[in-house]
Structures are given as C-alpha cells and as structure tokens.
Amino acid sequence: MIKRTAYVCLMLCVFYSAKGQVPSADAIMKDAYKIAAKEKKNVFVMFHASWCGWCHKMDTSMNDPACKKFFDDNYVIRHLVVDELKTKKELENPGADEFRKKYFGDGHGIPFWLVFDKEGKLLADSKMRAEGDGPEKGQNTGCPATEEEVAYFIGVLKKTSRLDAAELAIIQKRFRRNDQ
C-alpha cells in the first residue's frame, strides 16, 4: 500500500512538473521530422511571438479555410517561440533562438520561417536574396503581403510541395490580402 501511494505521488509530481514545461526546439523538430517521414511531407517551421501582429497574420492566412488544407496536406507545421516580452519569456522554446541563428534568421524580425525535408535538410527560408548571395544575406519576407513577397513565397511553396497551379493561385490571392 505504501509503495503504491508513493508511486502515485511520484507520478503526480512528474505529471504536474512536466505539464508546465515548454518543449525544446530540438524536441519539436525531431517530432516534426518523424511525422514528415511517415506522412511524406516537408516541415514548415515558423519563429514567432505572442505579441507579433504579423505572426498572427501568417497563422490566419495559412489557416484560412480557402487554403488550410493545402498547407496541411503538404507540410508538418510547427511554431517556435522567440523574442517574447520580458514578462512572457517562459513561453519561449528552449534552443529556438539558437536554431534560428543557425539558419541566419536572427536580426531579421519575425515571423521568420524555414522549410526542411523529412531528414532535416533545409530546403528554403523566408529571405529573398539576390542570385548567388549566401544564406546570411537577404530580406525576410515574414508574412508575405506585397506582390514581390507573395511571389517569392509561392515560389518556395512550388519548390517544396506538391501544390498545383490552381492551389498556388488560391494561396497567392489569400496572402495578397495581407497588404490591404
């Protein structure tokens, strides 16, 4: 009886202590790659923060009923929290900022997004750059809104998904609304 009570207490402590912990960037990405391999998709990861209006626009656009299925059918979508206010630092995913820096996303604002294959190989990022420029160069498109940003985003989607021209046109139309 005492062993059983001790076991239950231990399990409750583990449950309640783990419940409040924010998962690490590494754990989120490992899980995403595993699902992507199983479902034959790529991984779309967005760095964002609770206060970021453009981050919310990006989520709203990707989750719009007109195009949500297109994203869900082609990508395992994950969010990594960075750049939170001092009063909300506990929301940040441990290791997320370092992960963003690894792909030259620091100092470029948020949202900042990356697309990986199921093995974790970087396929694309949210930075428009001149032909021949390295990964540290470029301008973050964030949540695509302008004609140029949306055209770049559509090019990335075309390269990293099975979306057809009609589906890409719907996504393009939806994201152009962000510029209004």
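Residues numbered from 1 in each chain as written. Predicted model: local features only at pLDDT ≥ 70, side-chain atom pairs only at ≥ 80, totals over all residues. Heavy atoms only, no water.

Peer 1: How should the overall build of the protein be read in this particular structure?
Peer 2: On a plain count of helices and strands, the protein comes out with seven helices and six strands. Reading the protein from its N end, one meets helices and strands in the order α-α-β-α-α-β-α-β-β-β-β-α-α. Taking as baseline every contact in the protein between residues at least 6 positions apart, the subset at least 24 positions apart corresponds to 65%. Split by element, the accessible area of the protein, about 10,600 Å² in all, is 57% carbon and sulfur. (Helix = DSSP H or I, 4+ residues; strand = E, 2+ residues; numbered from the N terminus. Contact = heavy atoms within 4.5 Å. Areas by Shrake-Rupley, 256 points an atom, 1.4 Å probe, with all protein chains shown as cover.)

Peer 1: I tried to follow helix 7 (residues 165-176) on my own but got confused; where do I start?
Peer 2: The end-to-end C-alpha separation of helix 7 is 16 Å, in line with the 16 Å expected for twelve residues at 1.5 Å each. The set of residues buried in helix 7 consists of Leu-168, Ile-171, Arg-174 and Phe-175. Seen along its axis, helix 7 keeps its buried residues to an arc of 125°; they face one direction. Among the exposed residues of helix 7, those oriented more than 90 degrees off its buried face are Ala-165, Ala-166 and Lys-173. For helix 7, the secondary structure elements touched by its buried residues are helix 3 (53-62), helix 4 (68-74) and helix 6 (147-160). (Expected span 1.5 Å × (residues − 1). Buried < 20%, exposed > 50% of the residue type's maximum accessible area, 1.4 Å probe, protein only. Arc of directions from axis to C-beta.)

Peer 1: I tried to follow the packing of aromatic side chains on my own but got confused; where do I start?
Peer 2: Aromatic rings in a pair are described by how distant their centres are and how their planes are angled relative to each other. Going through the model one piece at a time under the given rule, you end up with 15 aromatic pairs. Arranged with centres 6.0 Å apart and planes meeting at 40°, the rings of Phe-47 and Phe-112 form a pair that is tilted. Note that Phe-47 is positioned in strand 1 (residues 42-48) and Phe-112 in strand 3 (residues 112-116), a separation of 65 residues in sequence. By the burial criterion, Phe-47 is buried, and Phe-112 matches it. Judged by centre distance (5.2 Å) and plane angle (75°), the ring pair of Tyr-103 and Phe-116 falls under edge-to-face. One end of the pair, Tyr-103, is in the loop between helix 5 (96-102) and strand 3; the other, Phe-116, is in strand 3, and 13 residues separate them in sequence. We classify Tyr-103 as buried; its relative accessible area is 14%. (Phe/Tyr/Trp six-rings, centres within 6.5 Å; stacked < 30°, edge-to-face > 60°.)

Peer 1: Honestly, the pattern of salt bridges in this entry has me stumped. Any pointers?
Peer 2: Side chains that differ in sign of charge can pair as their charged atoms come close. Evaluation of the coordinates by the stated rule reveals 13 salt bridges. Close ionic contact of Glu-92 with Lys-89 constitutes a salt bridge, the shortest N to O distance being 3.1 Å. Judged by its relative accessible area of 41%, Lys-89 falls in the partly exposed class. For Lys-101, the salt bridge identified is with Asp-97, shortest N-O distance 3.4 Å. Taken as a pair, Lys-101 and Asp-97 lie in helix 5 at a separation of four residues, close to a single helical turn. When its relative accessible area of 43% is taken as the criterion, Lys-101 is described as partly exposed. (Salt bridge = Lys/Arg side-chain N within 4 Å of Asp/Glu carboxyl O.)

Peer 1: Whenever I open this one, the pairing of strand 4 (residues 122-125) confuses me. Can you help?
Peer 2: Direction of pairing for strand 3 relative to strand 4: antiparallel, over a ladder of three bridges. Of the residues in strand 4, the one forming a bridge with Phe-116 is Leu-122. Hairpin geometry of strand 3 and strand 4 is characterised by an intervening segment of five residues between the two adjacent antiparallel strands and by a positive phi of about 95° at Gly-120. (Pairing = 2+ DSSP bridges.)

Peer 1: I keep staring at the side chain of Asp-125 and nothing clicks. Help me out?
Peer 2: Residue placement: Asp-125 occurs in strand 4. For Asp-125, the contacting residues outside a window of four places in its chain are Phe-112, Trp-113, Leu-114, Tyr-152 and Val-156.

Peer 1: Explain the confidence of the model for the protein to me, please; I cannot follow it from the model alone.
Peer 2: Residues with a pLDDT of 70 or more make up 89% of the protein, whose mean pLDDT is 90. A low-confidence stretch, residues 1-19 (pLDDT under 50), is modelled with zero contacts involving residues beyond four sequence positions or located in other chains. (pLDDT = per-residue confidence, 0-100.)

Peer 1: I'm lost on the sheet that holds strand 4 in this one. Help?
Peer 2: For sheets, the rule is that strands pair by backbone hydrogen bonds, running either parallel or antiparallel. Taking strand neighbours across the sheet as the criterion, the four strands line up as 2-1-3-4 in an open arrangement whose pairing is mixed. Looking at strand neighbours, the two that pair on one side only are strand 2 (75-81) and strand 4, the edges of this open sheet. Going across the sheet, the axis of each strand differs from the next one's by a mean of 20°, ignoring polarity. When strand 1 meets strand 2, the two strands line up parallel, connected through seven bridges. Paired with His-48 across the bridge in strand 2 is Val-81. Lying over the sheet, helix 2 (residues 25-39) contacts strand 1, strand 2 and strand 3, oriented at roughly 175° with respect to strand 2. This element, helix 6, spans strand 1, strand 2, strand 3 and strand 4 of the sheet and lies at about 165° to strand 4. (Axes fitted to C-alpha atoms, helices over the stretch in contact; angles between N-to-C directions.)

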